[in-house]
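Chain by chain, the residues run as shown.
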Amino acid sequence: MVKIIKAIGHDKGHWRTLRRDGIARYPSDFLLSLAQYDASPIDADTARLEKGGRFLAWQRARPVGLIGITPHASPSMRHRAEVGPLYVIPELHGSPIATQLLQATVDHAIAKGIWQLELTVNEANTRATAFYKREGFLQYGRLPNAVIGASGPENDLMMLRTLQQASPSFCP
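Predicted, not measured: the structure shown is a model, and the values here were computed from it. (Residues numbered from 1 in each chain as written. Predicted model: local features only at pLDDT ≥ 70, side-chain atom pairs only at ≥ 80, totals over all residues. Heavy atoms only, no water.)

### Side note on the overall build of the protein
When helices and strands are tallied, the protein shows five helices and seven strands. Counting from the amino terminus, helix and strand elements in the protein follow one another as β-α-α-α-β-β-β-α-β-α-β-β. Dimensions of the protein, computed from the C-alpha atoms along their principal axes, are close to 45 × 35 × 30 Å. Considering only contacts in the protein between residues 6 or more positions apart, those separated by 24 or more positions represent 62%. If you sum the accessible surface of the protein, you get close to 9,400 Å²; carbon and sulfur atoms cover 55% of it. With 20 positive and 15 negative side-chain charges, the protein shows a spacing of 4 Å between the two charge centroids. (Helix = DSSP H or I, 4+ residues; strand = E, 2+ residues; numbered from the N terminus. Contact = heavy atoms within 4.5 Å. Areas by Shrake-Rupley, 256 points an atom, 1.4 Å probe, with all protein chains shown as cover. Lys, Arg positive; Asp, Glu negative; His and termini not counted. Charge placed at Lys NZ, Arg CZ, Asp CG, Glu CD.)

### Re the nonpolar core
By size, the foremost hydrophobic cluster in this structure holds 39 residues, and its most contacted members are Leu 117 and Tyr 132. Contributions of two or more residues to this core are made by α1 (12-25), β2 (54-59), β3 (62-71), β4 (80-88), α4 (97-111), β5 (116-122), α5 (126-134) and β7 (152-162). Among the elements that line this core, the one with the most residues is α4, at seven residues. Discounting residues that sit within four places of it in the chain, Leu 117 has contacts with Ile 69, Ala 81, Val 83, Val 106, Ala 109, Phe 137, Met 159, Leu 160, Arg 161 and Leu 163. (Core = buried A, V, L, I, M, F, W, Y, C linked by side-chain atoms within 4.5 Å. Buried < 20%, exposed > 50% of the residue type's maximum accessible area, 1.4 Å probe, protein only.)

Structure below.
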């Protein structure tokens, strides 16, 4: 059984361990290198967790996945939020955990009046792209040379999902 919890400051060790694992295993899918993440202050993670919008998945008393959602700060963009990172440990790929984590962000967004979720995904990460499409995200663009990875420039796909239950009547 999996339990999704809202992550807070005291969860920083679990958050950092999972995120570090994701960066180590899938460096092209995270914006930071392992060295950059290791050098980042733990207080920065604590602050992000305390702001809210971060969730951990637990199974059998161990953290197995994480996700974050970051609302845009501008008043004219309060209806939008960026989803990410999303990570589930490899032995649980294909399980419903990623969907459960994403649903936690959807519920959080609706509660905050957010009705447009956005994300970018490495174009080479076809598994993640397929997952997001199954979950209702639409690709609306492609950003060439979004990041410079270990092998050179990498492209990102830009995706969004409109949350109809939270959107105003003028929503497409």
